[in-house]
Amino acid sequence: MITAKTLKLSLKSLKDFAKKRLPDETLIQLDERDECPLEIVRHMCDPDKLGIQLLFIPEEFGGMGGGAFDVYCVCEEMARIDLGIATAVLATFLGSDPITVGATAEQKKLWLSRIAEEGLLFAYGATEPEAGSDLGNLRTTADRVMQDGRVAGYKINGNKQWISNGGVADVCTVLANTPAGPSWFIVEKGAKGFTHDEPEDKHGIRLSNTAALALNDVYVDADRLIGGVEGQGLNQAQAVFGYTRLMVAAFGLGGGWAALDRAIPYSTKRIQAGAPLSEKQGYTHKLIVPHAARLEAARAYIEETAQRIDAGSEGSLNTEGAIAKYMASEAGNAAAEASIQALGGYGYTHEYMVEKISRDVRITTIYEGTSEIMEMTISRDRWQLHLKTRGQHYHDQARELEALDARHPEVGAGAAALALHALAEVMEKARLARLTRYQHILLRLGELIAFAECAGSLARRAALMAEGKLEEKASRRFDAAALAALSRVFAREAALKVAEEGLRWVAGAGGVSAAEMALFENSLGLPAVHQAQAGLISDMDYVADVLYGRTTKRTVQAA
Ligand SMILES: Cc1cc2nc3c(=O)[nH]c(=O)nc-3n(C[C@H](O)[C@H](O)[C@H](O)COP(=O)(O)OP(=O)(O)OC[C@H]3O[C@@H](n4cnc5c(N)ncnc54)[C@H](O)[C@@H]3O)c2cc1C
């Protein structure tokens, strides 16, 4: 268990280290040279130095026993420094996850203790040239090597593609097909027949080493089969998605804020048409404020999910991990893109960090499951809940938010409830008209679900903040009044998006009569959604004032 105080100290050491060793000029030079600063990565993982790895290793194996909330906080901070280095450092977390969830007691003791004591760097070898989103298409094989009638070891053959730390890791976990199905193996650097290619010349995260791996008759002893039982690989990979996707979500969040936190000060100094850009509503309300609101909605969802994972009372929370990753990585990308625009011509040059951040954060919608795969995962899972509850799942959530709105009319819960009611209606119409046979509609539903659920999360967290009940480790960048205003801005966007885009996809699929369409339109509550937009501009003004430090604290009040 890591206390809030220890976590704060760790984050501070990380920040201090980055300030000293990784100033912007150094990062830009390394990016230009396409160089992974291995010495720095090792320093960060060294238990006698920064020892970031220790955070996520259980205490019984010499670590600090951090949970999902701690990992989210560290990942966000790392991403704010550099997403390539964050990827290099956190690849050990990802690479050792199959061990954490699936290994035997002896394997855990051996490998997790070695990470804690020696700062071993791991790589996670799942993707192949022919198996990306569809890991079931795996071609790498692990053939049994028999001795005296028992399995003494395995011979692994195949190729892995796009592996973070592929060229520098001490150990790699490799997914390969055994006679009983996909299984994870531990393969050490230097094993005979185990080689890697030159690092890939990438668009972004150029400080991270990404390489293809080749396995030609690589022999490993039977005790390198994770868990000791063949065929568990895909289940083990699934079991950690809630956790690992939260990590990439935090990367998106950190990248997005790193960009906005450069655009904001820039715009206070850049004078155009006689005044700083920061004073121009057409600038702040397009390029800064909506991005801050989306990032904070994603943060609210990440924090709620992390807390639930740490409470340990539920399943793997895969879908929640997918929603968090989807929202945070999409919001992070949009924020970085807007930050380039916010800096104008300067933003378009290598000299200014927003250009690099925008290239770096781009990876977060691709690795650990692309945005489209996240949309599919979210939609399929929540579709089941819709069916199981006879269409009441989101109406129930909406009713809870209406109750919250009665207690806290200032936190945007009313608009979030409109989003969730509309979502329930869209899903029901999709069921009746059998619209999920269109893959595009299925995936668009995933997006609407993510927006509506995040609106609910942000409203709940704004209310907890107002009541002084947010957990100690939660972000406190914004006070209660500001978080409530951010929530109102986001909830309005979510409600409008769900109702209008839901209407669009149902109409777009065709086959629904004009009379049914009119009834459906009625059910979406569009007039209420439109009325809920009232006050949006003044809330955006307020959020801009908060972001630019132009407010004195104000008490929480209704919009
Ligand atoms: C820099 C970098 C680092 C990486 N690090 C690692 C690592 O450490 N370990 C590891 O195992 N992997 C790693 N990856 C691989 C990464 O996880 C995959 O690239 C990713 O899962 C997508 O697979 P793919 O590239 O084969 O794309 P594809 O699966 O071919 O997808 C291409 C496009 O098609 C879409 N698509 C795919 N399937 C469908 C479908 N059924 N319906 C609709 N659209 C679909 C995708 O969303 C995407 O837009 C890394 C990749 C990169 C670029």
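Above: the structure in question.
These remarks concern the structure in this document. Given the structure is predicted, the values throughout are model-derived calculations rather than measurements.

1. A look at the overall build of the protein
Phase 1 of the analysis: Counting secondary structure elements, the protein contains 21 helices and nine strands.
Phase 2 of the analysis: Here the C-alpha atoms of the protein give a radius of gyration of 24 Å, agreeing with the 24 Å that 2.2 N^0.38 yields for 559 residues.
Phase 3 of the analysis: If you line up the protein on its principal axes, its C-alpha atoms span 75 × 55 × 40 Å.
Phase 4 of the analysis: Expressed as a percentage of its 559 residues, the buried residues of the protein come to 58%.
Phase 5 of the analysis: Contacts in the protein between residues at least 24 apart in sequence constitute 76% of all its contacts with a sequence separation of at least 6.
Phase 6 of the analysis: For the protein, the exposed surface amounts to about 22,800 Å²; the carbon and sulfur share of it is 51%.
Phase 7 of the analysis: Positive and negative side-chain charges of the protein, numbering 61 and 73 respectively, have mean locations separated by a distance of 2 Å.

2. A word on the packing of aromatic side chains
Phase 1 of the analysis: Going through the model one piece at a time under the given rule, you end up with nine aromatic pairs.
Phase 2 of the analysis: Between the aromatic rings of Tyr266 and Tyr346, the centroid separation amounts to 6.4 Å while the plane-to-plane angle is 55°, which identifies the pairing as tilted. Highlighted residues: Tyr266 in helix H8 (residues 241-269) and Tyr346 in helix H12 (residues 344-347), separated in sequence by 80 residues.
Phase 3 of the analysis: For Tyr346, a relative accessible area of 38% gives the class partly exposed.
Phase 4 of the analysis: Through successive ring pairs, a cluster of aromatic residues spans Phe56, Phe93 and Tyr243.
Phase 5 of the analysis: The cationic tip of Arg245 hangs over the ring face of Phe241; the distance from NZ or CZ to the ring centre is 3.7 Å.

3. So, the site of the ligand
Phase 1 of the analysis: Not every one of the 20 residues close to the ligand is listed here, only the nearest: Tyr124, Thr127, Ser133, Thr370 and Glu372.
Phase 2 of the analysis: One nitrogen or oxygen atom from the main chain of Tyr124 is found 2.6 Å from a nitrogen atom belonging to the ligand.
Phase 3 of the analysis: Between Thr127 and the ligand, the recorded distance is 2.7 Å, taken from a side-chain N or O atom to a nitrogen atom.
Phase 4 of the analysis: For the ligand, whose free accessible area comes to 970 Å², the fraction covered by protein is 68%.
Phase 5 of the analysis: Elements supplying a minimum of two residues to the shell around the ligand: strand E3 (150-164) and helix H14 (371-388).
Phase 6 of the analysis: The residue makeup of the shell around the ligand, split by class, is ten nonpolar, seven polar and three charged.

4. Considerations on the side chain of Ser358
Phase 1 of the analysis: Turning to its location among the elements, Ser358 is positioned in helix H13 (residues 353-361).
Phase 2 of the analysis: Looking at Ser358, the relative accessible area reads 13%, which means it is buried.

5. Here's the deal with helix H16 (residues 413-432)
Phase 1 of the analysis: Taking 1.5 Å per residue, 20 residues should reach 28 Å; H16 reaches 29 Å between its end C-alpha atoms and fits that length.
Phase 2 of the analysis: Downstream of H16 by a residue or two, Arg434 has a phi angle that is positive, lying close to 50°.

6. Regarding the pattern of salt bridges
Phase 1 of the analysis: Scanning the model with the defined rule gives 43 salt bridges in all.
Phase 2 of the analysis: Across the pair Arg299 and Glu76 runs a salt bridge, and its minimum N-O distance is 2.8 Å. Residue Arg299 is found in helix H10 (residues 289-311), and its partner Glu76 is found in helix H4 (residues 68-81); the two are separated by 223 residues along the sequence. As far as the burial class goes, Arg299 and Glu76 line up, both buried.
Phase 3 of the analysis: Here Glu188 and Arg114 are joined by a salt bridge, their closest N and O atoms 3.7 Å apart.

7. Remarks on the pairing of strand E4 (residues 171-178)
Phase 1 of the analysis: Buried residues dominate E4, accounting for seven of its eight residues.
Phase 2 of the analysis: Examined bridge by bridge, strand E1 (residues 122-125) and E4 share four bridges and lie parallel to one another. If you follow Tyr124 over to E4, its bridge partner there is Thr173.
Phase 3 of the analysis: As defined by bridge partners, E4 adjoins strand E5 (residues 181-188) across eight bridges and the pair is classed as antiparallel. Bridging from a neighbouring strand, Val171 pairs with Glu188 of E5.

8. A look at the nonpolar core
Phase 1 of the analysis: Residues Met44, Met78 and Phe490 are the most contacted members of the largest nonpolar core, which totals 177 residues.
Phase 2 of the analysis: Among the elements that take part in this core, helix H18 (residues 480-509) stands out by supplying 18 residues, more than any other.
Phase 3 of the analysis: Excluding residues that lie within four positions of it along the chain, Met44 makes contacts with Leu14, Phe17, Leu22, Leu50, Gly51, Ile52, Met78, Ile85 and Val89.
Phase 4 of the analysis: Counting residues in each nonpolar core, the second largest holds 17 residues, with Val187, Phe194, Leu215 and Val218 among its members.

9. Considerations on the packing of H10 against helix H11 (residues 318-342)
Phase 1 of the analysis: Axis separation between H10 and H11 bottoms out at 9 Å; the angle between their running directions is 155°. With respect to H11, the element H10 is oriented roughly antiparallel. In this structure, H10 crosses over H11, and the sense of that crossing is left-handed. Mapping the contact onto sequence places His291, Arg294, Leu295, Ala298, Tyr301, Ile302, Thr305 and Arg308 in H10 and Glu320, Gly321, Ile323, Ala324, Met327, Ala328, Ala331, Gly332, Ala334, Ala335 and Ala338 in H11.
Phase 2 of the analysis: Residue classes in the contact of H10 with H11 are distributed as twelve nonpolar, four polar and three charged.

10. A look at the environment of Asp97
Phase 1 of the analysis: Mapping Asp97 onto the fold places it in helix H5 (residues 83-102).
Phase 2 of the analysis: Between the C-alpha atoms of Asp97 and Gln236, which are 139 residues apart in sequence, the distance is 8.4 Å.
Phase 3 of the analysis: Excluding residues that lie within four positions of it along the chain, Asp97 makes contacts with Val240 and Thr244.

11. Things to note about the state of the cysteines
Phase 1 of the analysis: If you walk through the whole model with that rule in mind, you get zero disulfides.
Phase 2 of the analysis: You can see Cys73 has no disulfide; the closest cysteine sulfur is in Cys75, sitting 9.4 Å from it.
Phase 3 of the analysis: Judged by its relative accessible area of 0%, Cys75 falls in the buried class.

Calculation criteria
Residues numbered from 1 in each chain as written. Predicted model: local features only at pLDDT ≥ 70, side-chain atom pairs only at ≥ 80, totals over all residues. Heavy atoms only, no water. Helix = DSSP H or I, 4+ residues; strand = E, 2+ residues; numbered from the N terminus. Rg over C-alpha atoms; globule rule 2.2 N^0.38 Å. Buried < 20%, exposed > 50% of the residue type's maximum accessible area, 1.4 Å probe, protein only. Contact = heavy atoms within 4.5 Å. Areas by Shrake-Rupley, 256 points an atom, 1.4 Å probe, with all protein chains shown as cover. Lys, Arg positive; Asp, Glu negative; His and termini not counted. Charge placed at Lys NZ, Arg CZ, Asp CG, Glu CD. Phe/Tyr/Trp six-rings, centres within 6.5 Å; stacked < 30°, edge-to-face > 60°. Lys NZ or Arg CZ within 6 Å of the ring centre and 35° of its normal. Near = heavy atom within 4 Å. Polar contact = N/O pair within 3.5 Å; in protein donor to acceptor, adjacent residues only side chain to side chain. Nonpolar A, V, L, I, M, F, W, Y, C, P; charged D, E, K, R; others polar. Expected span 1.5 Å × (residues − 1). Salt bridge = Lys/Arg side-chain N within 4 Å of Asp/Glu carboxyl O. Pairing = 2+ DSSP bridges. Core = buried A, V, L, I, M, F, W, Y, C linked by side-chain atoms within 4.5 Å. Axes fitted to C-alpha atoms, helices over the stretch in contact; angles between N-to-C directions. Parallel < 35°, antiparallel > 145°, perpendicular 65-115°, else oblique. Left-handed = near helix turned anticlockwise from the far one by under 90°. Disulfide = S-S within 2.5 Å.

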